[in-house]
Amino acid sequence: MLSTLSLSLEPRPRDFGARLSRGRVPTLAWRMRRRHRGRRALVLLAAFGVPAFAAPADWSGLAIGNAGSAEVTVEPMPFERAGDSFPGSAFYYLATDEELPPLVPGLQSDADGGRVFIDERAGPIARSLRIDNSGVDRTRALQCLTAAIYYEARSESDQGQRAVAQVVLNRVAHPSYPNTVCGVVYQGSERTTGCQFSFTCDGSLAKAPNRMFWLRAENVARAALAGYVERTVGLATHYHTIAIYPYWAPSLRHIITVGAHRFYRFTGRAGEPGAFRFAYAGGEPIAAPHARSAAADRQPETALDPLALQRAFEAGLVSARGADAIPTGQSRPAPAPAYAPDVQQRGGEALYRGENLPQDNGVRPEYQNSGRWIAQPGT
């Protein structure tokens, strides 16, 4: 029983050699099947091969589009054409469209295109102000911006800290403020009161900063100096805590409240994108507050008053443009059109002034109300 079962489970060999090794002789039917398979393969090969060799030019059935007939026209390179070649033209035409580095290291200009991005709530958005300078300028700018973020917003969220950094950089780009980071941060620090950032004149700098919070503020400052823009505050140049309400707040345009700070920007042309120039040329002063001066306390705070700066900006535009200046909110009148000589002979501009309208003359009184309601419907 066991031997019979074992024989029935034994795999059946398929090739002739295996059958001989097991002592089995292939049958006649098996050899006939092998022979018929070979014949069928030869017939199929002849069916495809003979027509192809008989008519080698007729390969339309296997053609792929116009791959066999398409001609590739090789155009000469621009520097290979007559009239377009000049010394160094090969390097000129083969140059990529990548952004080229500035001619002066660290100098960034906003004159390339003049695109203005608008946020739904904040309005115009500031452009990147990248400080690529190495050495003293970048080190001082990083130190001053980190101090402003730490002392003004060390307990704020990441967005709140980025917003404070953006206000500093917006002031750097505005002509009403110093054009350096340290100059903006420590403006008015020589006064007992009235400094732009309160920590520079209220004794906060006497206390050593917390290392963990300082490193956090430094990371935000480094990103801002590398070109990061906090778009939620737009072109804000001022902010104050929610615990106070300064006199200038109603006269500026409120943008957003982030954490414990409310952010504002100038109104009028002082707050428009054209008033800002996001370019940095270096020249950072020492990263420290100015020496206290009693004479500075006796001087008016014109340079520190937002409303005075706004008025001074408008006055500066008027004096720069002279008689051609247009007051805020008004548009320049269109010039009188130039008429053809025959129209000038018939009266020119007087023909189109409406002097002959019905309400002027020439219409009888009983017809002057023609086209008006005799009585309002429904009354």
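Since the structure is predicted, the reported quantities are computational estimates derived from the model, not experimental observations. (Residues numbered from 1 in each chain as written. Predicted model: local features only at pLDDT ≥ 70, side-chain atom pairs only at ≥ 80, totals over all residues. Heavy atoms only, no water.)

## Concerning the overall build of the protein chain
Phase 1 of the analysis: For the protein chain, the helix and strand inventory stands at eleven helices and five strands.
Phase 2 of the analysis: Residue burial in the protein chain is summarised as follows: out of 379 residues, 31% are buried.
Phase 3 of the analysis: Within the protein chain, contacts between residues at least 6 apart in sequence are counted, and of these 66% link residues at least 24 apart.
Phase 4 of the analysis: When the accessible surface of the protein chain is summed, it comes to about 25700 Å², and 57% of that surface belongs to carbon and sulfur atoms. (Helix = DSSP H or I, 4+ residues; strand = E, 2+ residues; numbered from the N terminus. Buried < 20%, exposed > 50% of the residue type's maximum accessible area, 1.4 Å probe, protein only. Contact = heavy atoms within 4.5 Å. Areas by Shrake-Rupley, 256 points an atom, 1.4 Å probe, with all protein chains shown as cover.)

## Quick notes on the environment of Ala122
Phase 1 of the analysis: Looking at the secondary structure, you find Ala122 in the loop between strand S1 (118-119) and strand S2 (123-124).
Phase 2 of the analysis: For Ala122, a relative accessible area of 3% translates into the label buried.
Phase 3 of the analysis: It is 9.6 Å that separates the C-alpha atoms of Ala122 and Arg265, two residues lying 143 residues apart in sequence.
Phase 4 of the analysis: Residues within four places of Ala122 in sequence aside, it is in contact with Arg231, Thr232, Val233, Gly234, Ile255 and Arg265.

## Details of the packing of helix H5 (residues 136-153) against helix H6 (residues 158-173)
Phase 1 of the analysis: Running from N to C, H5 and H6 point in directions that differ by 130 degrees, and their axes come no closer than 9 Å. In terms of their interaxial angle, H5 and H6 are classed as oblique. Both H5 and H6 take part in a crossing whose hand is right-handed. Residues Leu145, Ala148, Ile149, Glu152 and Ala153 of H5 pack against Gly160, Gln161, Val164, Ala165 and Val168 of H6.
Phase 2 of the analysis: Grouping the amino acids of the contact of H5 with H6 by side-chain chemistry returns seven nonpolar, two polar and one charged. (Axes fitted to C-alpha atoms, helices over the stretch in contact; angles between N-to-C directions. Parallel < 35°, antiparallel > 145°, perpendicular 65-115°, else oblique. Left-handed = near helix turned anticlockwise from the far one by under 90°. Nonpolar A, V, L, I, M, F, W, Y, C, P; charged D, E, K, R; others polar.)

## Things to note about the sheet that holds strand S4 (residues 253-258)
Phase 1 of the analysis: Reading across the sheet, the three strands line up as S3-S5-S4 and stay open at both edges, with antiparallel pairing between neighbours. Only two strands of the sheet have a single neighbouring strand rather than two, namely strand S3 (238-241) and S4. If you compare each strand with its neighbour and ignore which way they point, the axes differ by 25 degrees on average.
Phase 2 of the analysis: Of the strand pairs in this sheet, S4 and strand S5 (residues 261-265) are connected by five bridges, and their pairing is antiparallel. Note on S5: the bridge partner recorded for Val258 is His261.
Phase 3 of the analysis: Where H6 meets the sheet, its contacts fall on S3, S4 and S5, and the angle it forms with S3 comes to roughly 140 degrees. (Pairing = 2+ DSSP bridges.)

## Observations concerning the side chain of Arg269
Phase 1 of the analysis: By the element assignment, Arg269 lies in the loop between S5 and helix H9 (294-298).
Phase 2 of the analysis: By relative accessible area, Arg269 is classed as buried at 16%.

## A look at the nonpolar core
Phase 1 of the analysis: Counting 57 residues, the largest nonpolar core has Leu145, Val168, Val181, Val185, Leu225 and Phe263 as the members making the most contacts within it.
Phase 2 of the analysis: At ten residues, the largest contribution of residues to this core is made by H5.
Phase 3 of the analysis: Setting aside its immediate chain neighbours within four residues, Val181 contacts Ile131, Ala141, Cys144, Leu145, Val168, Leu169, Val172, Leu225 and Glu284. (Core = buried A, V, L, I, M, F, W, Y, C linked by side-chain atoms within 4.5 Å.)

## Some words on the state of the cysteines
Phase 1 of the analysis: Applying the stated criterion to the full structure yields two disulfides.
Phase 2 of the analysis: Bridging Cys144 to Cys182, the disulfide has an S-S length of 2.0 Å. Where Cys144 bonds to Cys182 through sulfur, the torsion about that S-S bond is close to 95 degrees, and the disulfide is right-handed. Placement of the pair is Cys144 in helix H5 and Cys182 in helix H7 (residues 181-185), with a sequence separation of 38 residues. There is no split in this pair, since Cys144 and Cys182 are both buried.
Phase 3 of the analysis: Paired through a disulfide, Cys195 and Cys201 show a sulfur-sulfur distance of 1.9 Å. Note on the Cys195 and Cys201 pair: the S-S dihedral is about -50 degrees, so by sign convention the disulfide is left-handed.
Phase 4 of the analysis: According to the relative accessible area criterion, Cys195 is buried, its value standing at 12%.
Phase 5 of the analysis: Judged by its relative accessible area of 11%, Cys201 is buried.
Phase 6 of the analysis: When the bonded cysteines of the protein chain are numbered from the N-terminus onward, they pair as 1-2, 3-4. (Disulfide = S-S within 2.5 Å.)

## Quick look at the confidence of the model for the protein chain
Phase 1 of the analysis: Residue-level pLDDT values for the protein chain average 76, and 65% of them are 70 or greater.
Phase 2 of the analysis: Every residue in residues 1-10 scores below 50 in pLDDT, and together they form two contacts with partners more than four places removed in sequence or on other chains. (pLDDT = per-residue confidence, 0-100.)

## Notes on the pattern of salt bridges
Phase 1 of the analysis: What the rule picks out here adds up to five salt bridges.
Phase 2 of the analysis: Between Asp158 and Arg216 there is a salt bridge, with the nearest N and O atoms lying 2.9 Å from each other. One end of the pair, Asp158, is in helix H6; the other, Arg216, is in helix H8 (residues 211-225), and 58 residues separate them in sequence.
Phase 3 of the analysis: Since its relative accessible area comes to 25%, Arg216 is described here as partly exposed.
Phase 4 of the analysis: A salt bridge links Arg269 to Glu314, with the nearest nitrogen and oxygen atoms 3.1 Å apart. (Salt bridge = Lys/Arg side-chain N within 4 Å of Asp/Glu carboxyl O.)

## A look at the packing of H6 against H8
Phase 1 of the analysis: Taken N-terminus to C-terminus, the directions of H6 and H8 make an angle of 50 degrees; their axes are 10 Å apart at the nearest point. Our classification of the angle between H6 and H8 gives oblique. For the crossing formed where H6 meets H8, the hand is right-handed. Residues Asp158, Gln161, Arg162, Ala165 and Leu169 of H6 form the contact with H8, whose participating residues are Arg216, Ala217, Val220, Ala224 and Leu225.

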